[in-house]
6 protein chains.
Amino acid sequence: MSKEILKLGIPAGSLLKATVALFGKAGFEITNSQRSYMPSIDDEQIELLMLRAQEMSRYVADGVLDAGITGYDWIMENGSEVEQITELAYSKATSQPTRWVLAVPNESKVKKAEDLKSGIIATELVNVTKKYFADKKIDVKVEFSWGATEVKSRLVDAIVELTETGASLGANNLRIIDTVITSTTRFIANKQAWQDKFKRDKIESIAILLNAAIEARSKVGLKLNVKKDDLKAILKILPSEKSPTVSNLAESDFVAIEVVIDEKVERTLVPSLKQAGASGIITYPLNKVIH
Amino acid sequence: MSKEILKLGIPAGSLLKATVALFGKAGFEITNSQRSYMPSIDDEQIELLMLRAQEMSRYVADGVLDAGITGYDWIMENGSEVEQITELAYSKATSQPTRWVLAVPNESKVKKAEDLKSGIIATELVNVTKKYFADKKIDVKVEFSWGATEVKSRLVDAIVELTETGASLGANNLRIIDTVITSTTRFIANKQAWQDKFKRDKIESIAILLNAAIEARSKVGLKLNVKKDDLKAILKILPSEKSPTVSNLAESDFVAIEVVIDEKVERTLVPSLKQAGASGIITYPLNKVIH
Amino acid sequence: MSKEILKLGIPAGSLLKATVALFGKAGFEITNSQRSYMPSIDDEQIELLMLRAQEMSRYVADGVLDAGITGYDWIMENGSEVEQITELAYSKATSQPTRWVLAVPNESKVKKAEDLKSGIIATELVNVTKKYFADKKIDVKVEFSWGATEVKSRLVDAIVELTETGASLGANNLRIIDTVITSTTRFIANKQAWQDKFKRDKIESIAILLNAAIEARSKVGLKLNVKKDDLKAILKILPSEKSPTVSNLAESDFVAIEVVIDEKVERTLVPSLKQAGASGIITYPLNKVIH
Amino acid sequence: MSKEILKLGIPAGSLLKATVALFGKAGFEITNSQRSYMPSIDDEQIELLMLRAQEMSRYVADGVLDAGITGYDWIMENGSEVEQITELAYSKATSQPTRWVLAVPNESKVKKAEDLKSGIIATELVNVTKKYFADKKIDVKVEFSWGATEVKSRLVDAIVELTETGASLGANNLRIIDTVITSTTRFIANKQAWQDKFKRDKIESIAILLNAAIEARSKVGLKLNVKKDDLKAILKILPSEKSPTVSNLAESDFVAIEVVIDEKVERTLVPSLKQAGASGIITYPLNKVIH
Amino acid sequence: MSKEILKLGIPAGSLLKATVALFGKAGFEITNSQRSYMPSIDDEQIELLMLRAQEMSRYVADGVLDAGITGYDWIMENGSEVEQITELAYSKATSQPTRWVLAVPNESKVKKAEDLKSGIIATELVNVTKKYFADKKIDVKVEFSWGATEVKSRLVDAIVELTETGASLGANNLRIIDTVITSTTRFIANKQAWQDKFKRDKIESIAILLNAAIEARSKVGLKLNVKKDDLKAILKILPSEKSPTVSNLAESDFVAIEVVIDEKVERTLVPSLKQAGASGIITYPLNKVIH
Amino acid sequence: MSKEILKLGIPAGSLLKATVALFGKAGFEITNSQRSYMPSIDDEQIELLMLRAQEMSRYVADGVLDAGITGYDWIMENGSEVEQITELAYSKATSQPTRWVLAVPNESKVKKAEDLKSGIIATELVNVTKKYFADKKIDVKVEFSWGATEVKSRLVDAIVELTETGASLGANNLRIIDTVITSTTRFIANKQAWQDKFKRDKIESIAILLNAAIEARSKVGLKLNVKKDDLKAILKILPSEKSPTVSNLAESDFVAIEVVIDEKVERTLVPSLKQAGASGIITYPLNKVIH
């Protein structure tokens, strides 16, 4: 039955490799993504299409796709009416959302958005930028920029440009005036597809698996053995949020402890555990973590 | 003693990287494979030689090598008398065997092999192709093609070419008429070497480790905790083939369950488990799985 | 408080990628290392600087850096007074230390260091080489070579050059006369920084985590189930150094065994275990191992 | 005096390399174009800025630039009021202009533009496309496509896409319905700058030199010696448009002939000249040709 | 009329780039050669097909192609009956023909071909090698090698391999025993096509232009002015083969001399000319030279 | 006779490609320079060795080489006693010499060399830098820096670093305090070799050819026809340094003019010539120009 297919959009470009890797960790193998805009996936209920993040939400809103992965910024830019299923925090090295910032040359006299009155703003994110200035009742002309927007910062009055760490702006001697919008990656669905039993189940199932894979990236499994006498002390040291699995060992006065911890905690936890009497401490990588 | 060495051939070219990775997972580190045709391996009982898959079986049959990895297609093409130890399903993204197909241009009038009578067939797999037509008692001329065979499809009457997904044939507007041979990767041994105690043990040991590593690629370890009351329900959901390891937890009304599952099953299994009362569900990658 | 920062040097060049990977496994994410000589790290107590291994010890000795990673050879060459915290055996495919060797063309009449009296030696490691000859009371002229030293071997009387496997020397038809110094990677600290409580704790904590990650690279976790009756036999086969974790299974006449083993042992261990009655044997990768 | 500077825009991207080469042939050395958006040029009266062809005409129209090089298509798309100084036929291998074509999937029922009524058209050239349909009084929705437009041809009803040879369209199984606009590269100027004596002289001088370099690319210098008796016959064979330079040789019954010919003519001309008695025939490359 | 097309094969692989450049210098622009096996050429009477040099002569002999460019070695290997129009000395840096040599490991006891009796020879050039040994009445087994033949030199008794400078053989510690065949690039034609007026004319015209371009590569045009009194002395110094063009200058006691010389002669000629009174000496590059 | 060989050093690294191209234009073909440190050259009297520019003068001074190409900076750094034959202005895009500059961070308080008293200076050019400060009687510590010196500018007090345009310094926010040394590329000879008749002749001949090729790079040949009546006016416009070659044409009231001009002059010359009545103006590239 043709209805039993979910048409899913994945983002071309800089996010593609990370997306294929994430689906891989979630248990879906995507092949052929380098050679074709219709990559294969080893799930017969899914049909993939690779599109630029900028256009994704439009095709989801129109129903050309049932669901897709894109950024919040471009959903806003396109003004697309879509269901936002979940945030997917997999796209970047750092854990902060990306920002579109209003920036001017270091040497500019502009100090705040209001100083740009009657000025020209170059950006790829035209509609969001127009709304930003309209909300502030500042009259400016917003022009579409075809990439390399920093370069034009000295041809116009200000730019609105994407930044993660601000490094590229600094290298171009630009100064940030304000944040126009912050954005994270989103899993979105067409509103009608979301009402369809099969599609909704499939979308939710994909969302669970993707999030379980994302969650697992920053976690590790921790195992250790401890004398029953030291158990209480050890349990106090362990992060309290998740209760550890304690199992009796054949050797009667020892227990084995297993727990999933945040990888960052390891740095300080492991030395403390050793000091508190733990032995045979190991950590191991995880594929998925479901709370 | 010089007898205690196994001379092992690994395939150069497109399979090399995957082969080195597979040996790595199997516990053998192959180094220097980019720079030398005699790569190093961290096992003093093995001496490696890198050869093209097309020639491997000839050198194994001749006893220049004791064992080697190559494709079934080239064993047939060379008509080599060798022991086929095991299939090694590691070489491709997809799980289907590769096929050598008889193909003609879309616009050709040829519909079946018989229509090619008195025609010219270009292929890299000359002997297998000759046998295919001889078995069908169709008289054709089979010519050796030095790669890029698709290009010649319009210079001759038909080609016999390797395909995995058919994508390359489609891109060249070719139509598949028939499958001439299907092939998978094989671990083969010289017949005399196979009678030698040391070599046979070594070959079998390598075969076990390679297959354990291959097996592990599509499996994950699954752990979860469950109340004793829910245990029966959970066990019903779990794949029955492998009996799970159930261990008592210190906290007396809970048990921990561990089981190795097929990664593909995860997609549907994990949500069911959660619904059935499982908690602390994690999956983790495996290096080797031995049944 | 500005004191609470550890200034840490990591080696640019061939070791960089492996270093970033090692820190990653140790739980520290280093970003931006391709674009900047001041990479970011997700630990606010650490400030990274990327420098060439050759210069590292000088900047650590001077206190510009609190700690750094470099080779023993360059510590000696610079004659730097630094604390050597630990060896870090992560830098090479093979497990042998690198060597700086005295080498001459195959056709040279020189057989031993003494034959080079009054000769010219080209090397990047000028001071160590001078000391080597001074210790032997052989009078030679040692000249600094800007890389590609092999090439100059026929312009001077001998060279002192780095080698791992000797392959590059062989390819240049050079013959090794003697080893001048062997070297491994070291984690070093400034002597004053080592007296500072915060810095010393931080350095030791990093050392533990790096070594735990290195240790884990050559180990795997092994799990298997076995009938209680077979337990003794199995335990005899397992490597004795680390006591395995034995836990009772719900199914009363079986126990589960877990142990960390050296990946190399697997090759021979796994078949023996199977023969001794073990079932459900799996191995899995580890992130860290702390004894 | 600051007025004595011409601000000139050159196109980033696929045309950049050819543009730098053309300026080189015209006698201007552009350096640093790989690293900076403000490349250097060895003419103190020119200041370069590298911008995408899509935006160039906007910045020329606004006076940010005095002149620039871009395509006719993007001048039309932006609706920019600029002076079009000259066509520059340097950008492509072939001598035909590029075309933006209306295309549909091979399998589409659409035969002509009119069949697309109420349909959706994806294109990078939104305004030109809208005008094309408005002129034909066909009501369609034109949507901006962020590159890779062919891919979307099966998501919408038709696309308008750039093509030189049609090869890429064919590879995507698309069928051309109509040509929306043809385009060549143009040298354009700001209308006010064009009224300024210095700038106009400079622009015209650049135009002459660029065109002389372009002209020279398809021409060669031809030299030959001939007996005075054969001169008339030879002159008849030579292309008549340009009168050849005939000079007397010291050896009195011979003359030398020099003429600039189209490189394509060579193929047929040279054999004829030889037959007609010419000797010492050589051709040589030209840097510039000014009629 | 379909007859007015010449089907021309050009060699894929290592010769392709040089071939495209040569045709360019000869006045034919070949485009699209990176992306298609049917490159375009700006001559409507020519249709190109790109094939491996190894197979070219077979397709020319069969009439699939009218003419083609390939090596003498592969014409012999295929035993193809074709017209050899001309040698084309464009393919290599050096001016010597390539050689297929019989080579053995340095450490082999084999000194001459006869010592290989009953041995195995690996080569890509099976038929030529068989004939070589048959002519010498030496019984050997010749096996087809799929590239990287040097590697196999220690698995068989000898190899027959292509070499230009012997460098690659030396690097593999191989010793040359004999030369089996020398080869140069050839322009060949199908025997029937050679009888066709249009095709023969076209083939000859292409041959003239290609050779004129090849000839021009090692020549330069030389110009100088000299006093009439010094003319005799200068003429004596100039290479005598080609008579120089001497023209009277307006300034009555001076003449201008032009001559085409071999670029290599320049090295010694130019200083002598200066000494003999020449002034304004320049040399310039040539596109074509026809004697 | 072995004496009839000139051992010539060419610089490895960034200058190599330009050097090979220059020798090519000068009439010498250098091959194999990518693969070997002993490249081939098609002149049996020359033997090439590729060395880093930094070491070249040392090997020339020692007589290991007869002559070599290197920078003035490194001759000074090594304090090598060599003959400086000629400057070779071929190495850079711009025509200015490179400079080694004393630089400090923008934010440093250092304004002049004297402010660095007792400071640490990092540089690759240790001896020249020491002399610079010694001449000024400023006491500093100069430390050898292994490349990437800019990075260390904030670890020490100042750096001495190579710069062409200052761009890299600016990008690192460094400020130039002073120029320590300016440098150009030099052709140098060993003092004894310079006394040898054969070697001196050969060195001088190479110098002439290299300089003739360098000279030709910035020149073009210019040809035009003009009526005898306009000759005087045209001659006035032409650069006066070089007297043009004027030849009578068969067509009696016209003369042909040829002259070598600086390519830069073309920009302004060509329009003037056209205005003054010249016709058939062409310019063509030159290989060599000897005054």
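Once a new chain begins, its residue numbering starts again from 1 and follows that chain's sequence as written. As they are written, the chains are lettered A onward and the ligands numbered 1 onward, keeping that order. Reporting in this predicted model follows two pLDDT cut-offs: at least 70 for local features of residues, and 80 or more for side-chain atom pairs to be given and counted; totals over whole chains, interfaces and linings ignore these cut-offs and use all residues. Hydrogens and waters are ignored; side-chain quantities use all the structure's heavy atoms.

*Asks:* Is there a simple way to explain the side chain of glutamate 55 of chain D in this structure?
*Replies:* Runs of E in the DSSP output that reach at least two residues are strands. Runs of H or I that reach at least four are helices, and both are numbered from the N terminus. Residue placement: glutamate 55 of chain D occurs in helix α2 (residues 53–61). A 1.4 Å probe rolled over the protein chains alone gives each residue an accessible area, and that area as a share of the maximum for its type sets the label: buried under 20%, exposed over 50%, partly exposed in between. Here glutamate 55 of chain D falls in the buried class, since its relative accessible area comes to 0%. Residues adjacent in sequence count toward polar contacts only when both atoms are side-chain atoms; beyond that, a polar contact is any pair of N or O atoms within 3.5 Å, and within protein one must be able to donate a hydrogen and the other to accept it. In terms of polar contacts, glutamate 55 of chain D uses its side chain to reach the side chain of lysine 152 of chain A, at 2.6 Å.

*Asks:* What is the right way to read the relation of the copies chain B and chain A from this model?
*Replies:* Note that the two copies of the chain are related through a rotation about an axis and a translation along the same axis. The superposition of copies rests on a least-squares fit of C-alpha positions from residues with pLDDT of 70 or more in both. Superposition record for chain B on chain A: RMSD 0.1 Å, screw rotation 120 degrees, translation along axis 0.0 Å. The symmetry that links the two subunits is that of a three-fold axis.

*Asks:* For this particular structure, what's the right way to read the interface of chain E and chain F?
*Replies:* Interfaces are often sized by the amount of accessible area the parts lose when they come together. We call two residues contacting when some pair of their heavy atoms lies within 4.5 Å. At the interface, 21 residues of chain E touch 25 residues of chain F. Each of two parts loses accessible area, computed with a 1.4 Å probe, when they are put together; buried area is these two losses added. Here chain E meets chain F over a buried area of about 2,000 Å², counting both sides, of which 51% is carbon and sulfur. The rule for a salt bridge is simple: a side-chain nitrogen of Lys or Arg has to be within 4 Å of a carboxyl oxygen of Asp or Glu. Along the contact surface separating chain E from chain F lie three salt bridges. Lysine 223 of chain E is paired through a salt bridge with glutamate 258 of chain F; the nearest N and O atoms lie 2.3 Å apart.

*Asks:* Explain the sheet that holds strand β16 (residues 279–285) of chain F here, please?
*Replies:* Picture the strands of a sheet paired through backbone hydrogen bonds; they go either parallel or antiparallel. Two strands pair under a simple rule: DSSP has to find at least two bridges between them. Spatially, the five strands line up as an open sheet ordered β17(D)-β16(F)-β13(F)-β15(F)-β14(F), and their pairing is antiparallel. In this open sheet, the two edge strands, each paired with only one partner strand, are β17 (288–290) of chain D together with β14 (245–248) of chain F. Here the strands of the sheet are splayed against their neighbours by 15 degrees on average, with no regard to which way each runs. As defined by bridge partners, strand β13 (residues 219–227) of chain F adjoins strand β15 (residues 254–262) of chain F across nine bridges and the pair is classed as antiparallel. Pairing of valine 220 of chain F across the sheet is with isoleucine 261 of chain F, part of β15 of chain F. Angles run from 0 to 180 degrees between N-to-C directions of axes, and those axes are lines fitted to C-alpha atoms, restricted for helices to the stretch in contact.

*Asks:* Looking at this structure, how should I read the interface of chain B and chain A?
*Replies:* The interface is formed by 21 residues belonging to chain B together with 25 residues belonging to chain A. Note on chain B versus chain A: buried area summed over both sides is about 2,000 Å², and carbon and sulfur give 51% of it. Our enumeration of links across chain B and chain A arrives at three salt bridges. Mapped by element, the contributors of at least two residues to the side of chain B that touches chain A are β13 (219–227), β15 (254–262), α8 (263–275) and β16 (279–285) of chain B. When residue character is reported, Ala, Val, Leu, Ile, Met, Phe, Trp, Tyr, Cys and Pro are called nonpolar, Asp, Glu, Lys and Arg charged, and the others, Gly included, polar. Of the residues in the side of chain B that touches chain A, the class split is ten nonpolar, four polar and seven charged. Here strand β17 (residues 288–290) of chain A runs beside β16 of chain B; their pairing, made up of three bridges, is antiparallel. Paired with isoleucine 290 of chain A across the bridge in β16 of chain B is isoleucine 281 of chain B.

*Asks:* Teacher, can you tell me more about the packing of helix α1 (residues 16–26) of chain D against helix α6 (residues 197–217) of chain D here?
*Replies:* Pairs of packed helices are described in terms of their axes, by the angle between the two and the distance that separates them. Residue and element names in this part refer to chain D. The N-to-C vectors of α1 and α6 enclose an angle of 100 degrees; their axes lie 8 Å apart at closest approach. Compared by their axis directions, α1 and α6 come out roughly perpendicular. Facing α1, whose interface residues are Leu22, Phe23, Lys25 and Ala26, α6 presents Ile206, Leu209, Leu210, Ala213, Ile214 and Arg217. In these notes the angle categories are as follows: under 35 degrees is roughly parallel, over 145 is roughly antiparallel, 65 to 115 is roughly perpendicular, and the rest is oblique.

*Asks:* Would you mind showing me how to read the arrangement of the chains here?
*Replies:* Contact between chain A and chain F is absent, and the least distance between their C-alpha atoms amounts to 8 Å. There is no contact between chain B and chain F; across them, the least C-alpha separation is 15 Å.

*Asks:* How do you make sense of the packing of aromatic side chains when you look at a structure like this?
*Replies:* How two aromatic rings sit relative to each other is set out by the distance from centre to centre and by the angle between their planes. A pair of Phe, Tyr and Trp rings is counted when the ring centres sit within 6.5 Å of each other, with Trp represented by its six-membered ring. The angle between the planes then sorts it: under 30 degrees is stacked, over 60 is edge-to-face, the rest tilted. Here the structure, examined in full by the defined rule, presents 45 aromatic pairs over all chains. For the pair tryptophan 146 of chain C and phenylalanine 144 of chain F, a centre-to-centre distance of 5.5 Å together with 80 degrees between the ring planes defines the contact as edge-to-face. With tryptophan 146 of chain C in the loop between β9 (141–144) and β10 (158–163) and phenylalanine 144 of chain F in strand β9 (residues 141–144), this residue pair bridges two chains. Ring geometry for tryptophan 74 of chain F versus tryptophan 100 of chain F: centroids 6.0 Å apart, planes at 85 degrees, classification edge-to-face. On the criterion of sequence distance, the pair formed by tryptophan 74 of chain F in helix α3 (residues 72–78) and tryptophan 100 of chain F in strand β7 (residues 98–105) is long-range, its members being 26 residues apart. One aromatic cluster is present, formed by Trp74, Trp100, Phe144 and Trp146 of chain A together with Trp74, Trp100, Phe144 and Trp146 of chain D through successive ring pairs. Definition used: whenever NZ (Lys) or CZ (Arg) falls within 6 Å of the ring centre and also within 35 degrees of the ring normal, the charge is taken to sit over that ring. Over the face of the ring belonging to tyrosine 284 of chain B we find lysine 223 of chain B, whose NZ or CZ atom lies 5.3 Å from the ring centre.

*Asks:* Help me understand the confidence of the model for chain A in this model?
*Replies:* Any residue range with low pLDDT should be treated as having predicted coordinates unsuitable for detailed reading. Values of pLDDT, the confidence the predictor places in each residue, fall between 0 and 100. Summarising the model, chain A shows a mean pLDDT of 89, and 94% of its residues fall at 70 or more. Here the predicted complex carries an ipTM of 0.79, next to a pTM of 0.80.

*Asks:* Help me out: how do you make sense of unusual backbone geometry in this one?
*Replies:* The backbone of alanine 148 of chain B sits at a positive phi, close to 50 degrees, despite the residue not being glycine. By secondary structure assignment, the location of alanine 148 of chain B is in the loop between β9 (141–144) and β10 (158–163).

*Asks:* Help me understand the pairing of strand β12 (residues 185–189) of chain D in this model?
*Replies:* Successive residues of a regular strand alternate their side chains across the two faces of the sheet. Residue and element names in this part refer to chain D. Here β12 lies mainly inside the structure; five of its five residues are buried. Inspection of the sheet shows strand β5 (residues 67–71) paired to β12 by five bridges, in the antiparallel sense. Each bridged residue has a counterpart across the sheet, and for threonine 70 the counterpart in β12 is arginine 186. Looking at chain direction, strand β6 (residues 83–87) and β12 are connected through four bridges and run antiparallel.

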